[in-house]
Amino acid sequence: MSEYAYSCEELPAADRFPWWCELVRRELLASSLLCDEPLAFRARLKMLDLGVAKVAAPAYTALRCRRTPRMVRADDIDVYQLTWVRSGQQRLVSGKTDIVMNEGTLFLMDAARPFEAVVRTPGRSGAAEPVETVTVAIPRSHLGLPAARVARLINTPLESTAGAGAVLLSLLRRLVDETHLHGSHDPSGLGTVLRDLTVALLAHRGDVERAVPAESRRRVLLARIHSFIEGHLDAGSLTPDAVAAAHHISVRHLHRLFQEQGITVGGWIRRRRLERCRHDLLDPRKSGLTLQAIGAHWGFRHAAEFSRHFRAVYGVPPRELRRAGGPPSAAGPRTDAFAGRAVT
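The following refers to the structure shown. (Residues numbered from 1 in each chain as written. Predicted model: local features only at pLDDT ≥ 70, side-chain atom pairs only at ≥ 80, totals over all residues. Heavy atoms only, no water.)

**Quick look at the pairing of strand 6 (residues 79-87)**
Remember that side chains alternate between the two faces of the sheet whenever the strand is regular.
Thinking step 1. Of all nine residues in strand 6, eight are buried; the element is thus mostly enclosed.
Thinking step 2. Both strand 6 and strand 13 (residues 131-139) contribute to a ladder of eight bridges, which runs antiparallel. When the sheet's bridge partners are listed, Leu-82 is paired in strand 13 with Val-136.
Thinking step 3. When strand 6 meets strand 9 (residues 106-110), the two strands line up antiparallel, connected through five bridges. Each residue of the ladder has a partner; that of Trp-84, found in strand 9, is Leu-106. (Buried < 20%, exposed > 50% of the residue type's maximum accessible area, 1.4 Å probe, protein only. Helix = DSSP H or I, 4+ residues; strand = E, 2+ residues; numbered from the N terminus. Pairing = 2+ DSSP bridges.)

Structure (structure tokens):
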């Protein structure tokens, strides 16, 4: 994937807010920004280009934002923006809508609609922490849902604790926070999964699930299964039978889904566990843990079994990798945990 990171930390205080205004205009949306305390302003931005979907993860202290009808016409951007408020609070006014989006809220915006937003930062230990949001921008034409049904969902909170919404947030969290676990091998695959999850979420809320193509439903099911596996890698009870039962499908159907990706269910689970082990081995904060403890935590009951599988995948035994050190993204095959295929 193409990843870009920006931060104003190295700039003089007086230059930070003007820099942010220009960056937002150039990389996100044309808008007018105001800040009551520009000299105390701080901001950063991570962007991921995944082909059919683009992810933006900004973090910034309190400000007000206005996107006028004139700016909308000048921008001519025909995209929906699915936005997750990770921290802080955002009051959004658009047309007849006046709503407060609190931490954890997931909602859909239309870049073709003017809006005003007031962003408030959470106060922690007497200091204002930056508001964090994550936005997925998807061209309107890529949703394939009835426009009238989607229009009803604009600027309203969406389900984010279950179903497609929960899986989508899990994927966004990993993409933004743990890019090293995904690599940069198949951005279009990740973008397609993000789009399919967004379509599934909106279709369910808009009661038009029949409009979702069968292939998209299959990819959403696979993404849900991957998310379930990621959340249970440290459980000894994680077996194909348990995974199938959790998703109300047959074990045969589960195996067929993974066979289409060129890997077995057991092989996928083992590769993801090995990747977690590799990351822990290279994490200085976990240098006090023994190799056996790390392997056992991620489901390898026997040290010899852990060492054998680790060496087969990464070319070196766990002890040697830890001794050599290096960044968490050191050499070795990686598995794209949501695009549905093993990568090297």
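**Section: the packing of helix 9 (residues 265-281) against helix 11 (residues 303-314)**
Thinking step 1. Packing of helix 9 against helix 11 brings their axes to within 10 Å, and their N-to-C directions diverge by 90°. On the basis of their axis angle, the class for helix 9 and helix 11 is roughly perpendicular. Of the residues in helix 11, those in contact with Arg-270, Arg-271, Leu-274, Glu-275, Cys-277, Arg-278 and Leu-281 of helix 9 are Phe-306, His-309, Phe-310, Val-313 and Tyr-314.
Thinking step 2. Partitioned by chemical class, the residues of the contact of helix 9 with helix 11 number seven nonpolar, one polar and four charged. (Axes fitted to C-alpha atoms, helices over the stretch in contact; angles between N-to-C directions. Parallel < 35°, antiparallel > 145°, perpendicular 65-115°, else oblique. Contact = heavy atoms within 4.5 Å. Nonpolar A, V, L, I, M, F, W, Y, C, P; charged D, E, K, R; others polar.)

**A look at the pattern of salt bridges**
Thinking step 1. Within this structure, the stated rule accounts for 24 salt bridges.
Thinking step 2. Asp-36 is the salt-bridge partner of Arg-64, the closest N and O atoms lying 2.7 Å from each other. In this pair, Arg-64 is assigned in strand 5 (residues 63-67) and Asp-36 in the loop between strand 2 (32-34) and strand 3 (43-49), connecting sequence segments 28 residues apart.
Thinking step 3. Look at Arg-64 and you get partly exposed, because its relative accessible area is 36%.
Thinking step 4. Asp-36 sits in the exposed class, given a relative accessible area of 64%.
Thinking step 5. One salt bridge connects Glu-116 with Arg-66, and the closest N-O pair in it is separated by 3.7 Å. Here the residue Glu-116 occupies a position in strand 10 (residues 115-120), and Arg-66 occupies one in strand 5, the gap between them amounting to 50 residues.
Thinking step 6. Residue classification places Glu-116 among the partly exposed positions, given a relative accessible area of 41%.
Thinking step 7. Of the residues examined, Arg-66 reaches a relative accessible area of 45% and is grouped as partly exposed.
Thinking step 8. Within this structure, Arg-195, Asp-196, Glu-215, Arg-218, Arg-219 and Glu-260 form a network of salt bridges that share partners. (Salt bridge = Lys/Arg side-chain N within 4 Å of Asp/Glu carboxyl O.)

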